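Descriptive structure summary
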Amino acid sequence: MINSIPSLISFPMNGGESPYSYANNSCFQRRGTDSAKILLHEEITNKLELKQICSSSNVFNIVDMGCSVGPNSYIAVQNIIEPIVSNYQSQGLPSLEFQVFFNDHVANDFGTLFKSLPCDKNYFAAAVPGTFYNRLFPKASMHFMHSSYALQWLSMVPNEVEDKNSPSWNKGKILYDSKEVEKVYAAQFDKDMGSFLNARAEEIVCGGFMAILLPSIPTGADPSKCTITAIFHLLGSSLLDFANMGLLDEAEVDSFNLPQYFASPAELEAVIERNGRFKVERIEQWVQPIPQASKSFVEQFASCMRSGNEGITGGHFGSELMDDLFNHYTKKLVDSGLFSDSSYVPLCDMFFFLRRIDDNI
Ligand SMILES: C[S@@+](CC[C@H](N)C(=O)[O-])C[C@H]1O[C@@H](n2cnc3c(N)ncnc32)[C@H](O)[C@@H]1O
Ligand SMILES: [Mg+2]
């Protein structure tokens, strides 16, 4: 079946180029992409066997899944193409043409993405709209599949979280903050990741690669002691403040939950092992370098949160509340001192480099 998950369930980042657009507020994700550059370079240079994977054509197909509006996506694509080109030239092979597919939800602002494509790009560009939890491409047609900062978005909020009669009902919270709720979010991640890997395993040629970059927590860490979840809980408590001020109904906060999960390397590795169609070539995790937790840094971080979460939050509570809500959130984030609190695990990125292996091995 080509489309089993409705594309309507989507939470695109803020489009356009306004002050709260993703294009202008994604420098934290950009840092991750910059850190992954060297890893991509090393893996591609040491492991890509072009003669094997492009045996019948001189077209090399790349996709960036969850590309948003740029500009990080162009940088990631360039970080993949550069080592391939130098590899190819050094092997004295005939010229290769690159086809790059930019994938995101149908509602993504692809217009902004295509308007700002680098004019000196050395590839053909195309959009592939739709959820990456379904098939996106024909069988064995892709050589390199990439995704950064996107697979933390689940396909849906787990049902139990919204069920008042379930022990996992997420009253007063917008992300998991108890073991019961965490368990069902983890199960949803596991299920979604399984669907993602199965779809990609069909699409990627044998010997082709997949790179995944994600915000994450260290293996074994308690999510409630990690900065990545704490920044969302502060957004949840901002909403409760609004409920206490009578600006919205507490029941509206109860029924609002974000479909995001921050996995550990061990959790992601376990799904990949169970799937069995990819070999893990490399796993890295690092702490995001934070310059100095100054007020302006924290404000910038709050704008980044707004650019990614305003759409889904405004969809639930009404867009007219968003200026006040995110101003209040920014103040809370500054006052929390979270980024200088050493009792919290700092923000961590994780990088997985996978090779599609032969199903018959
Ligand atoms: C935080 S942005 C990351 C953008 C870019 N890759 C980067 O590193 O800056 C996450 C993107 O993933 C997209 N996304 C989330 N779930 C998706 C899904 N199931 N299928 C396709 N795109 C998805 C969102 O719409 C959003 O544009
Ligand atoms: Mg809730």
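Reference entry: report on the structure contained in this document. What you are looking at is a predicted structure, and each value in this text was computed from that prediction instead of being measured.

Check the secondary structure of the chain and you find ten helices and seven strands. The C-alpha radius of gyration of the chain comes to 21 Å, within 12% of the 21 Å expected for a compact globule of 361 residues. Taken along its principal axes, the extent of the C-alpha atoms in the chain is 70 × 40 × 40 Å. Expressed as a percentage of the 361 residues in the chain, the buried residues total 54%. Of the accessible surface of the chain, which amounts to about 15,200 Å², a share of 52% is contributed by carbon and sulfur atoms. Computing the positive centroid from 27 side-chain charges and the negative centroid from 42, the chain places the two 4 Å apart.

Turning our eyes to something else, we now look at the site of ligand 1. Not every one of the 19 residues close to ligand 1 is listed here, only the nearest: Tyr22, Gly66, Asn72, Asp104 and Ser148. At a separation of 2.8 Å, an oxygen atom of ligand 1 approaches a polar side-chain atom of Asn72. Contact between ligand 1 and Thr131: a nitrogen atom at 2.9 Å from a side-chain N or O atom of the residue. Classifying every residue of the shell around ligand 1 by side-chain character gives nine nonpolar, nine polar and one charged.

For the rest of this paragraph, the subject is the environment of Ser238. Relative to the elements of secondary structure, Ser238 occurs in helix α6 (residues 227-244). Note on Ser238: relative accessible area 0%, which makes it buried. Between the C-alpha atom of Ser238 and that of His328, which follows or precedes it by 90 residues, the distance is 6.7 Å. Ignoring sequence-local partners within four residues, the contact set of Ser238 consists of Leu325, His328, Tyr329 and Lys332.

Right, let's talk about α6 for a bit. Taking 1.5 Å of rise per residue, 18 residues should cover 26 Å, and α6 covers 25 Å from first to last C-alpha, within 8% of that figure. The element α6 is extensively covered by neighbouring structure, given that 14 of its 18 residues are classed as buried. Just downstream of α6, Gly246 is the residue with a positive phi angle, here 80°.

Put simply, helix α9 (residues 295-317) and helix α10 (residues 322-336) touch, their axes get as near as 9 Å, and they point 145° apart. Note that α9 runs across α10; the crossing there is right-handed. On α10, the residues touching Lys295, Val298, Glu299, Phe301, Ala302, Met305, Arg306, Asn309, Glu310, Thr313, Gly314 and Phe317 of α9 are Met322, Asp323, Leu325, Phe326, Tyr329, Thr330, Leu333 and Val334. In terms of residue class, the contact of α9 with α10 is made up of eleven nonpolar, four polar and five charged.

Turning our eyes to something else, we now look at the sheet that holds strand β3 (residues 124-129). One open sheet accounts for seven strands, arranged β3-β2-β1-β4-β5-β7-β6; its pairing is mixed. Among the strands making up the open sheet, the edge pair consists of β3 and β6 (278-287). Here the strands of the sheet are splayed against their neighbours by 15° on average, with no regard to which way each runs. Pairing of strand β4 (residues 142-148) with strand β5 (residues 204-216) involves six bridges; the strand directions are parallel. In the sheet register, Met145 faces β5, and the bridge partner there is Met210. On top of the sheet, helix α8 (residues 265-275) reaches β5, β6 and β7 (348-356); it is set at about 15° to β7, its chief contact.

This next bit is on the coordination of the magnesium ion (ligand 2). Asn170 (O), Lys173 (O), Asp254 (O), Phe256 (O) and Asn257 (OD1) make up the full set of protein donors to the magnesium ion (ligand 2), lying at 2.3 to 2.8 Å. One chain supplies every donor to the magnesium ion (ligand 2), and in sequence these donors are spaced N-x2-K-x80-D-x1-F-N. For the pair Phe256 and Asn257, one class covers both residues: buried.

What follows deals with the nonpolar core. It is characteristic of soluble globular proteins that their nonpolar side chains tend to be buried jointly. With 78 residues, the main nonpolar core has Tyr185, Phe196, Met210, Ile212, Ile231, Tyr329 and Leu333 as its most contacted residues. Considering each element in turn, this core owes the most residues, nine residues, to α6.

What follows concerns empty space enclosed by the protein. Evaluated as defined, the whole model comprises one cavity of 30 Å³ or more. Of the volumes computed, that of the largest cavity is approximately 730 Å³. In this structure, the largest cavity is lined by 44 residues; those nearest its centre are Met13, Gln29, Tyr149, Gln152 and Trp153. Elements supplying a minimum of two residues to the lining of the largest cavity: α1 (27-47), α3 (72-90), β2 (97-104), α6, α9 and β7. Taken together, the residues that form the lining of the largest cavity break down as 25 nonpolar, 16 polar and three charged.

Thresholds applied
Residues numbered from 1 in each chain as written. Chains lettered and ligands numbered in written order. Predicted model: local features only at pLDDT ≥ 70, side-chain atom pairs only at ≥ 80, totals over all residues. Heavy atoms only, no water. Helix = DSSP H or I, 4+ residues; strand = E, 2+ residues; numbered from the N terminus. Rg over C-alpha atoms; globule rule 2.2 N^0.38 Å. Buried < 20%, exposed > 50% of the residue type's maximum accessible area, 1.4 Å probe, protein only. Areas by Shrake-Rupley, 256 points an atom, 1.4 Å probe, with all protein chains shown as cover. Lys, Arg positive; Asp, Glu negative; His and termini not counted. Charge placed at Lys NZ, Arg CZ, Asp CG, Glu CD. Near = heavy atom within 4 Å. Polar contact = N/O pair within 3.5 Å; in protein donor to acceptor, adjacent residues only side chain to side chain. Nonpolar A, V, L, I, M, F, W, Y, C, P; charged D, E, K, R; others polar. Contact = heavy atoms within 4.5 Å. Expected span 1.5 Å × (residues − 1). Axes fitted to C-alpha atoms, helices over the stretch in contact; angles between N-to-C directions. Left-handed = near helix turned anticlockwise from the far one by under 90°. Pairing = 2+ DSSP bridges. Donors = N, O, S within 2.8 Å, 3.2 Å for Na, K, Ca; no water. Core = buried A, V, L, I, M, F, W, Y, C linked by side-chain atoms within 4.5 Å. 1 Å grid on protein atoms, 1.4 Å probe; cavity = no way out; pocket = protein on both sides within 12 Å on 5 of 7 lines; lining within 4 Å. Points joined across faces, edges and corners; volume = space filled by probe spheres on them.

Functional significance is not addressed by these values, which are geometric in nature.
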